[in-house]
Structures are given as C-alpha cells and as structure tokens.
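Secondary and tertiary structure notes
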Amino acid sequence: MNMTEHNIQAGNKVSLLKALLKLLPEDAVLHEEEDLHPYECDGLSAYRHLPMIVVLPDTFEQVQAVLRLCYQCEVPVVARGAGTGLSGGALPLDNGVLLSLAKFKDIIHIDPKRRIARVQPGVRNLAISQAVDQFGLYYAPDPSSQIACTIGGNVAENSGGVHCLKYGLTVHNIQQLKIITIDGELLTIGGSGLDSAGYDLLALMTGSEGMLGVIVEVTVKLLPKPERAQVILAAFDNVVKAGEAVGNIISAGIIPAGLEMMDKLAISAAEDFVHAGYPLDAEAILLCELDGTNEEVSEHVAKVREVLQQSGATEVRTAKDEAERLTFWKGRKAAFPAVGRLSPDYYCMDGTIPRKQLPRVLEAMAELSKDYNLPVANVFHAGDGNLHPLILYDANIPGELERTEEFGGKILELCVEVGGTITGEHGVGIEKINQMCVQFNPLELTQFHAVKAAFDPQSLLNPGKAVPTLHRCAEFGAMHVHKGELPFPELERF
Amino acid sequence: MNADMSLQLQQRVQNAYEDKTALAIIGGNSKAFYGRAVTAETLSLADHTGVLSYEPTELVITARSGTPLKEIEALLDQHGQMLPFEPPAFNEDATIGGTIACNLSGPRRAYAGAARDYLLGCKIINGKGEILKFGGEVMKNVAGYDVSRLMAGAMGTLGVLLEVSLKVLPKPETEITQLFNCSANEAIDKMHAWSQTPLPISATSFHDSVLSVRFSGATKAVNAAVDNVGGEVMENAEKYWQDLKEQRLDFFNSDKPLWRLSLASDIESLSFEENPDDTFYEWGGALRWLKSDESAETIHAAMDEFDGHASLFRHADKVNVFQPLTPGLMRIHKNLKTAFDPHNILNPGKLYPEL
C-alpha cells in the first residue's frame, strides 16, 4: 500500500478506482453508470441508490485486498449476494463500494457421511439441495426465493421458509463459516464437530446483515430426505377458528413440517392465478404438511384430519397423490405474485407474533386497512407465528407509497405490542430500521452498536442498516408524537 | 418458588462495575467442576426464580434464571412436552440459567439440536449493570444481532442471565432402544449409514463393544424402524440414557481427568487413545468422552488437526480447560468481552484467561 492509496478520501472515486484496478482484473470493477444500475436495489425495489463502484472478486485474497483498501481509506462496503433480500439490506451507498459475491458459486465439497456440504457464498439455496439429492439428502431452510437467493445472503439474513417450525432457520442448519473482517483477516468460525470452543460467533454472524464481516464460505448441514410427505388442506369459515386449529394440532403432540394459513383475499388471488383447487368460499385455509417415515405420516395424517374436523373445519382434503400435493403448495408458493396481479404494487410485511394473538392482530389490521383505505391480503407461516401481510397499493398515485409504508410500520409496531417482533425472516435492513426503535430501548441499541464495533470499529460494513442510531430514534420518536404530521415532510425518510 | 430479584442483582452488578470488583456468578452450583477457576465475590442467582409464562400450544416457556431445571422439566412433562436438548443437571439444584450459560446438551443433541438452538430470547444484566432484553418469545425473530445465542455457552462472561425463553417440543409417543454388539469402527459405520436415512433416531452411544440406538416418535414409526434395523431391545432404557446424561454410568466413575471431545463424527481413532475402554462415544460419534492423563497441549493439538475441540470436563487443574482460540478469533472474543463487560467483572477467566 503506497502513500497515494492511503490518502484516498471517501467519495474520491477516481483514486479509489485506480487503487482497485491494481487489485482486481479490469472486468471485476464496474464504475460506468450503465454498469452500476443492476446493483441499485435489492428485492425492496422502492429504495434505489447507485453505488460508487461495484467489485466482483473471485478469490479470498481479492476480497481481503479490497477490504483492506476500503478499511485504510475509510470507504464503506456493502456486500451483496443475489440481491433478493426484501428489506433493503444490500442497498448500495453512493460513497461506497458494492462487494458482489456473485462469482463465488462453487460447491467445494459434499460429504454425505458427515452430512455436510462446503459451499461458496454465491451458491443458490436450491442448488445445494439439487446437488446432494443423489445422496438422499437435502438442505432444509427453503426461503420462497430459494431458486435465486444465495447461501451467503441466507446466512446474512438468517433466512427461514415454510419448514422452520420443524427444521429451524439458517442458524440451526450451518456448521462452519469463513468470514473476512473489514481489516482483511480471514476467520474460521465453527468447526467439524457439533459445537465449537468460545463464544457462539456462528449464531452472532447469522442474521448480522453484512454488518460484522463478509461471508466467503459456508458449511451447511444436510438432512436425509423424508421417506414421505403428505399435505392436508382445511377450509374454515372464520379466520380465528383456523388459528385455533393450529394450536390444537400442536397440542395433539404433532409438529408439522409446514403449517401455512391464507386469508380470503390471498386464496382468491392464488386460485385465480394457479388454479390450485382452493375453496373460494372459505374465509381461511390451512395447509398442513406432515413428513417422516411412511408409518409416521400415516399415523399423523389420521390424527391431524381428526383435529381439524373437531376444530370446525368446513372441509378437510388430503392430497390424493404427489401431483395434488404439489398443486396445493403451488398456490401458496405463488401467493405473492398472485396478489401482485390484483394491484399495480404490493408491499410485503414480515412480523412475528405469539400465535394466540392472531385474532387481535387480524382485527387491528382490518381496522388499519380501512383507515388507510389500502387492502391487505394475509399469508401466514401459522406454525411459527410469522405473518406476511401484503398491502396492495399503486406507486403511481402520489403519496400512496408513503402511506403504505406508514401502514406497514403500524403493523410492525402492533406485532411488538402483542409480544412479537418486527421481523421474522426478512431482516431489518433499511426498511424496518425505524421500528427497531420501537422494539429495542436506547441501552439495547447501544449494546448492538458495541457488538458491531467489536468487529468493525469504524463502522464501514453496511453502515446505516439494521441498527438505528439513537439520534435517528429520537427523530422517529418525535415523528410519532405528531402522528401523520411529520415535522419535516420535505426530508427523505428511510 | 417465585421471586424477582432483578433489581437487587442489578444493584450488585452496578456496585461491582463502579468498584471494579469481580463477580463469580452461580446458579445451583451443580456444574462447579466445569470451566476455569474464578476467584471473586459470589453473585448467586439461586433466589431469582419462577416460571413467567408457559403456553403449551405456543411451544414456548420463559423462566427466571434461578428456576430449578427439575421444576421446569416437571411442568413441561405435565403437558406432554420437554426440553428437546435433554440437558444434564448433574445434581438436584441445577438451574435453567446455568444450563443455558454452559450450553450443555444431552443424548438427543445430535438429532434435535443443542441448548442454544432452542434459546429464543433472554434478559441479561451486562457488565455495566444495565438490564437488556434480546430475542423474544417467538420462533422466528431476526431483529438485531443474535445476542441471546451469544450468551449460550459464554458461561456468564458476557452477562448475568436474568430470564430465558426456550422453545419446547412435544414428547415422543414411544421410545425404544436397540443394542448391537460390535467394534468401535463398526459402530461408527452403522451410525453413519443410519443417519443418512430418515430413521427416527434420537440418541446413540457406544462403549465396551455395545452400540445403543434410541428410536423416538410415533409408535408405528418406531416399531417399523426397530423391525428394520434389528438388534436386541434394551431393558430400562430410560434409566440408561438418564444415567449417561448425568454421568452416573460406571465409565464416569473414575478420578482420571475426563475430556469432552467434540469433532467430526467419522474420525476413527485418536493418536492419544491408549485403552479403547477409556473412550465413550455419543452423538453418532461427534461427541467423545475420554479419560486420559495426556497433557492439555497434546490433546488440544490433536483436536486442532481434526478441526474439533476438547474441554477438560472433570478432575481437572481448572487452568488449561478449553481449546485455545486462534489469534484472530481471540481478538474478536476480547473485543466482545469489552463490549459487554468493560471492567471485566463478570466471571473473569472462567472461559479463557483473557476474557
């Protein structure tokens, strides 16, 4: 590192570019505006920013060199996987480097005996299960974006999916990570055993939203594929009854592999879109998937059918074959795009609540929906209390996005009020940063900042995301006092 | 028992922070043998007790850290539920706080997950005497860093646990344990072959030419699995797994240093193992108990080779206990310790001399 490079100031694009080109091949550094556009947002497309420079390294050494340079020059770095995140975690900074891990896409090693796979961070979630299928194994967490999202991003967000209740989140399904710290040090976290010495840094890194280190390798745990999976569809004339049925299944001692609920608006949108055979007169449907050995599934299907009937289901259907099972799921999996067809835009929320609070939350949401005059469809990972309300809006109507965000913020605050959380699986990112002020008090937020400083004292990794400054919370608090009448409406608020 | 001592405990930590006095945190003192020695004033959590909420249909229990483990297990049992990680208690006084602080799990761990996997949230006092709450009482929660899980296994060096929230699960309908006579290597092969199939295995152990495999779940599924793999039925299996978890089996009746080795499940033999009778296998091979007089340096160096780690569990000098960390990891550990406990007053040296 020579003196010129030391003297690069944040925002001084020309000198930074020159220094980066010494570290990386020319085609791994993007800086022309047209090349930067694909990186301006992630799955939360309402927020857009062009990065100053995009780098696409393909070795640990290159990542280390880039991070060391940025550390010395105090240039912020935002790491990015496939960019499918829904909370703006990978939103670039105009004075920062966007570090894409897209070239790290090799499955390095599959060990069927130990039931693990060592993969690079840019490997797609579904590609892992496909690669290990030949051994009768799979990788359990299955976020709905699994066809596109990458494992590095899954670790950064602690991604879930529809099978979390039984199989856990990303944090339960990884064994080892390699990360590179902001000062360029390569660290191995976790080991070959089921636990490791010292603090649980594996858990701390999982869901840290790119704030603590850059994930450059992931060892995932694999599970044997269940012998059989069966899905039951139950219809209810009342959402509350459907919610109670979920509790009754669990009281019967059964942990389903997946337990999903959809409300009337979501049902009709999905049915219209994929013709899954959902009952259109139902107020809510439950999809309950049971997996395991043949005998276990048979026993549990019989039990769950009985529980559903006793819980007041108007109809209980067991998929008659694998094709019908997939059709039942197709409607659920297509629920987001299906709802998207009902309106020019939709906004997907992600709160978790204790399940027993469902009636109260649904009622309050219906009230809010009336107040804001914006319809809401509800898709719900019912087993683990994770709500995905989809607010329908039209971004072309001036002010409607802002009202939608405000409505969404109210839903998240409601989740906190009933003992839940502002994000179950999508992360805080930039989207829910204000609601962090509702969930955590200033002392807790200060502790989070101290955790970040333990890894990244200059706050160069993904600054401004996931954990709000106390200053920001003070402003957000002030906004709250005035309800809708914001003190500085001309200011950008994210 | 139900008593909220939060404010008194907070006052003690605040005073210690101001005076820079070290505190040795204890719950039921049931695992006093574990970890490095701490010389400090005692901060007892034993009177901070009570289950704060438990809703069987939500699968979540929240309790004050001094609540006896046996009280929690009895309450869950009444509702047909359990702590899935089968924690060892080691004596009647073990508390739920100590269980989480040590992150020790029993036979079911390899098949159901560890204590840390079932920890949903906690309330702590950090080293500045601040009461902070992280995580929550819901299954899915990614708001903020996962500070709760960081507390699991930190042995009180980052915070005094006040309350913990745990995910619980229904107890299996049926459990049957089958026995097989075989060598260690055959046992390892069998356990691996089975672990690649959907058999409902919930525990495995091997010692003295006997492989024990427990099957749990729906009755029909367990019966089918037993028919499938064969072996002989173990009588009094429940007692066996209890005795294993509590280290009451004959194997553990010894004054020799007892090492806990955590490593890849398929490692066949370790250079420092002299007598095969001195090794006891659990967790499909991923956990091994070893009675050995070898030096800590030798054992730790051997474990480094396998990317595993060793802790000197019992009958130890209480000095060289845990696997040394790489300099890079130690740097992060020290920074984290300072972030939570700037005056180094919480269980100083319990885990490593530097923390």
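Because the structure is a prediction, the values reported are computed rather than measured.

For the rest of this paragraph, the subject is the confidence of the model for chain A. Summing up the model confidence of chain A, the mean pLDDT is 92 and the portion of residues at 70 or higher is 94%. Across residues 1-7 of chain A, where pLDDT falls below 50, the model places nine contacts with residues more than four positions away in sequence or in other chains.

Summed over the entire model, instances satisfying the criterion amount to seven cavities of 30 Å³ or more. Those elements that provide at least two residues to the lining of the largest cavity are strand 8 (174-180) of chain A together with helix 5 (115-118) and strand 17 (309-314) of chain B. Taken together, the residues that form the lining of the largest cavity break down as 13 nonpolar, 10 polar and seven charged. Each of domain 1 (2-170 + 335-340) and domain 2 (174-314) of chain B gives at least three residues to the lining of the largest cavity. Volume-wise, the second largest cavity comes out at about 220 Å³. Tallying contributions element by element places helix 6 (residues 147-151) of chain B first for the lining of the second largest cavity, with three residues. Here the residues of the lining of the second largest cavity sort into 12 nonpolar, seven polar and two charged.

All names here are of chain A. It is the contact of helix 2 (residues 13-23) with helix 4 (residues 60-73), at a shortest axis distance of 10 Å, that shows an interaxial angle of 155°. One element, helix 2, and the other, helix 4, form an angle in the roughly antiparallel class. With respect to the hand of their crossing, helix 2 and helix 4 are arranged in right-handed fashion. Each of Leu16, Ala19, Leu20 and Leu23 in helix 2 lies in contact with helix 4, whose residues at this interface are Gln62, Ala65, Val66 and Leu69. In the contact of helix 2 with helix 4, the residues fall into seven nonpolar, one polar and no charged.

In this section: the side chain of A:Ser100. All names here are of chain A. Within the secondary structure layout, serine 100 lies in strand 4 (residues 97-100). Looking at serine 100, its side chain comes within polar contact range of the main-chain nitrogen of alanine 102, at 3.1 Å. Each residue touching serine 100, except ones within four places of it in the same chain, is listed here: Tyr39, Val55, Leu56, Pro57 and Arg80.

Looking now at the sheet that holds strand 13 (residues 232-233) of chain B. Residue and element names in this part refer to chain B. Reading across the sheet, the eight strands line up as 13-10-12-11-15-16-14-17 and stay open at both edges, with antiparallel pairing between neighbours. In this open sheet, the two strands that pair with only one neighbour each are strand 13 and strand 17. By the bridge criterion, two bridges tie strand 11 (residues 201-207) to strand 15 (residues 279-282) in an arrangement that is antiparallel. Within strand 15, the position partnered with phenylalanine 206 by the bridge is tyrosine 281. Running at roughly 20° to strand 12 (residues 210-217), helix 7 (residues 184-195) makes contact with strand 10 (174-181), strand 11, strand 12, strand 15 and strand 16 (287-291) of the sheet. On top of the sheet, helix 9 (residues 237-245) reaches strand 10, strand 11, strand 12 and strand 15; it is set at about 70° to strand 11, its chief contact.

All names here are of chain B. Looking at the secondary structure, you find glutamate 273 in the loop between strand 14 (258-262) and strand 15. Judged by relative accessible area, glutamate 273 falls into the buried class, the value being 18%. In this structure, the C-alpha to C-alpha distance between glutamate 273 and isoleucine 131, residues 142 residues apart in sequence, is 46 Å. Each residue touching glutamate 273, except ones within four places of it in the same chain, is listed here: Thr279, Tyr281 and Leu290.

What counts, and where the lines are drawn
Counting of residues starts from 1 at the beginning of each chain's written sequence and follows it residue by residue. To read the labels, note that chains go from A and ligands from 1, taken in the order they are written. With the structure being a predicted model, the display of local features is reserved for residues of pLDDT at least 70 and the display and counting of side-chain atom pairs for 80 or more, all residues being used for whole-chain, interface and lining totals. To obtain the side-chain values, all non-hydrogen atoms of the structure were included, while hydrogens and water were left out. The predictor reports its confidence for every residue as pLDDT, a score running from 0 up to 100. Contact between two residues is taken to exist if any of their heavy atoms lie within 4.5 Å; hydrogens are not considered. Site definitions follow a grid-based scheme: protein atoms alone, a 1 Å grid, a 1.4 Å probe that fits but cannot get out for cavities, and for pockets an open set with protein on both sides within 12 Å along at least five of seven lines, plus lining residues having an atom within 4 Å of a point. Grid points are joined across faces, edges and corners, and a volume is the space filled by probe spheres set on the points. Numbering of helices and strands starts at the N terminus; helices are DSSP runs of H or I of at least 4 residues and strands are runs of E of at least 2. Side-chain classes follow a simple rule in which Ala, Val, Leu, Ile, Met, Phe, Trp, Tyr, Cys and Pro form the nonpolar group, Asp, Glu, Lys and Arg form the charged group, and the remainder, Gly included, forms the polar group. An automatic or database domain assignment supplies the residue ranges for each domain. Inter-axis angles, ranging from 0 to 180 degrees, are taken between N-to-C directions of lines fitted to C-alpha atoms, where helices are fitted over the stretch in contact. By the definition adopted for this analysis, an angle is roughly parallel if under 35 degrees, roughly antiparallel if over 145, roughly perpendicular if from 65 to 115, and oblique otherwise. Whether a crossing is left-handed or right-handed is set by the direction in which the near helix is turned from the far one by less than a right angle, anticlockwise for left-handed and clockwise for right-handed. Polar contacts, as used here, are pairs of N or O atoms within 3.5 Å; protein pairs need one atom able to donate a hydrogen and one able to accept it. Residues neighboring in sequence count only if both atoms are side-chain atoms. DSSP-based pairing: two strands are paired if at least 2 bridges between them are found. Whether a residue is buried, partly exposed or exposed follows from its accessible area with a 1.4 Å probe, protein chains only, as a fraction of its type maximum: under 20%, in between, or over 50%, in that order.

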